[in-house]
Amino acid sequence: MQTTKPELSFRRLIGTGMAAKLLVDIGAQIFNPFLPVIAAGLGVSVVELGRLVGLRSAMGIFSPVSGTLADRHGYRLVIRGALLLTATGFLLLAVSSAAWMVALAMILTGLGMGAFVPNLQAFVSSRLDYRLRARGLGMIEYSWALTGIIGLPLIGLLIAATGWRTPFFLLAAAMVVMSVVFGAMPGIQQGRAASSDSAQLPAPWRSRLAELVVIYTNRRSTYATILAGALSYFAAMQVMIAHGAWLAAQYGLDAATLGLVAFIFGWFDLAASVSVSLFTDRLGKKRSVLIGIVGSLVGYLLMPLLNVALLPTVAIIGMARMFFEFNIVSHFPLLSEQAPAQRGQVMTLGAAATLIGGSLAGFTGPWLLVNVGVAALAWTSAVVIIAGLAIVVFLVKED
């Protein structure tokens, strides 16, 4: 329960959040276009590195622990710790010379990213009225698009000039700086969410479990919203994690050209995030999620049919990404108000579910591409997103 709200301007809140999330998003997306380059540098196959990226995403299962801590002790403390943990993982990855070092680096970065993103969203949500929340969270998500427009093209040039390790050193240093910046921001005190249902959980271990996974109000809609987001994320990440290997194998793209493709995709992502910040508060969050799901579904269905030349292939992948981004950015404010008294817990549960979806996609995406082909990759995502569509239509409510 919020008790105080120290002064914090909209510009400072959104600007600091966007800058920090840009670093995390670059780290999250760097494997998508450069998966074959980094795999070659590490001496592993694309499928093996995809599994390690899946391991990183699987660490999202521990995200609700950070949500419980944030609801008790404040979002900023958890955000700062998450940035430092992610920086440690990137530093370890940059000096890795053995498989166990890469695996440990993925675990650390997965734990850090899994804690950072949902607690940042909860922190921003706690400062904004629901009627303006899509605007604020949509602007924060510009970072995802700017990763493609600015971050990944620069990473491609940096890798071509100095090697694949350099970006990870730079990301680690920048995240330490952002942790210090967050330390200078005013926070709010949060109290533990209370419910009469907690009396039904007398055993300490059951109480601890409840703190992580039990939502006391609006349960069906909250869990349905979380599940729909996870399905959307899985469907999109299958394509995202495999598209670099797909384009490199079929069209012969190198690291610099893959960075250029990421630049193009960034504009699709930016169009989606800007649209959310401008229109979703007026359209309604649930309606915006549905628009995004339907658009991405069309993209997945058409993807194999347009995979006849580089230009239409890049265009259809970009379209599917754009509608996914519109869907998932609209999803965040919708989820943030499902159970406001447990906002930190709800947002981290949502993050855990989506990161589990991303973990599975890290295993399935490269495997489907290498062993079955593009059609299986895209149409599997289409089937999954249809399930998400049904869940949103029939089970999710927005009041």
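About the criteria used
Residues numbered from 1 in each chain as written. Predicted model: local features only at pLDDT ≥ 70, side-chain atom pairs only at ≥ 80, totals over all residues. Heavy atoms only, no water. Helix = DSSP H or I, 4+ residues; strand = E, 2+ residues; numbered from the N terminus. Buried < 20%, exposed > 50% of the residue type's maximum accessible area, 1.4 Å probe, protein only. Contact = heavy atoms within 4.5 Å. pLDDT = per-residue confidence, 0-100. Phe/Tyr/Trp six-rings, centres within 6.5 Å; stacked < 30°, edge-to-face > 60°. Core = buried A, V, L, I, M, F, W, Y, C linked by side-chain atoms within 4.5 Å. Axes fitted to C-alpha atoms, helices over the stretch in contact; angles between N-to-C directions. Nonpolar A, V, L, I, M, F, W, Y, C, P; charged D, E, K, R; others polar.

A few points about the overall build of the protein chain
Along the protein chain, the regular secondary structure elements total 16 helices and zero strands. Its C-alpha atoms give the protein chain principal-axis dimensions of roughly 60 × 45 × 40 Å. Within the protein chain, buried positions represent 58% of all 399 residues. When contacts within the protein chain are restricted to residue pairs at least 6 apart in sequence, long-range pairs at least 24 apart make up 85% of them.

A look at the confidence of the model for the protein chain
Parts of the prediction with low pLDDT should not have their coordinates interpreted in detail. Per-residue pLDDT for the protein chain has a mean of 85; in total, 91% of the residues score no lower than 70. Considering each helix and strand of the protein chain separately, the mean pLDDT is smallest for helix H10 (residues 204–213), with a value of 61, and largest for helix H13 (residues 285–302), with 96. Predicted confidence is poor over residues 1–5, with pLDDT under 50, and the contacts of this stretch with residues over four places away or in other chains come to 13 contacts. Contacts of residues 189–203 to residues separated by more than four positions or lying in other chains number 27 contacts, the stretch itself having pLDDT below 50.

Points about the side chain of Ser-296
Following the sequence through the fold, Ser-296 ends up in helix H13. If near-sequence neighbours (up to four positions away) are discounted, Ser-296 is found in contact with Ala-320, Phe-323, Phe-324 and Ile-385.

Overview of the packing of aromatic side chains
For the structure on display, the rule yields six aromatic pairs. Considering the side-chain rings of Phe-90 and Phe-168, the 5.7 Å spacing of their centres and the 40° angle between planes classify their relative orientation as tilted. Of this pair, Phe-90 sits in helix H5 (residues 75–94) while Phe-168 sits in helix H9 (residues 166–183), placing them 78 residues apart in sequence. Overall, Phe-90 belongs to the buried group, its relative accessible area being 1%. Both rings, one in Tyr-233 and one in Phe-324, keep their centres 6.2 Å apart while their planes meet at 55°; by these two values the pair is tilted. Here Phe-324 lies in helix H14 (residues 310–336) and Tyr-233 lies in helix H11 (residues 219–251), a separation of 91 residues in the sequence. Judged by its relative accessible area of 17%, Tyr-233 is buried. By relative accessible area, which is 3% here, Phe-324 ends up buried. A network of ring pairs unites the aromatic residues Phe-31, Phe-90, Trp-164 and Phe-168 as a single cluster.

Focus: the nonpolar core
Core analysis: the largest hydrophobic core is formed by 121 residues, its most contacted members being Phe-31, Phe-34, Phe-116, Phe-168, Tyr-300 and Met-303. Among the elements that line this core, the one with the most residues is H11, at 16 residues. The contact partners of Phe-116, leaving out residues within four places of it in the chain, are Ala-20, Lys-21, Val-24, Ile-79, Ala-82 and Leu-83.

Considerations on the packing of helix H15 (residues 343–371) against helix H16 (residues 374–395)
One can describe the packing of H15 onto H16 by two numbers: an axis separation of 7 Å at closest approach and a directional angle of 145°. Packed against H15, whose contacting residues are Gly-365, Leu-368 and Leu-369, the element H16 presents Val-374, Ala-376, Leu-377 and Thr-380 at the interface. Grouping the amino acids of the contact of H15 with H16 by side-chain chemistry returns five nonpolar, two polar and no charged.

Describing unusual backbone geometry
If you check the backbone angles, Asn-218 has positive phi at about 55° while not being a glycine. One can find Asn-218 in the loop between H10 and H11.

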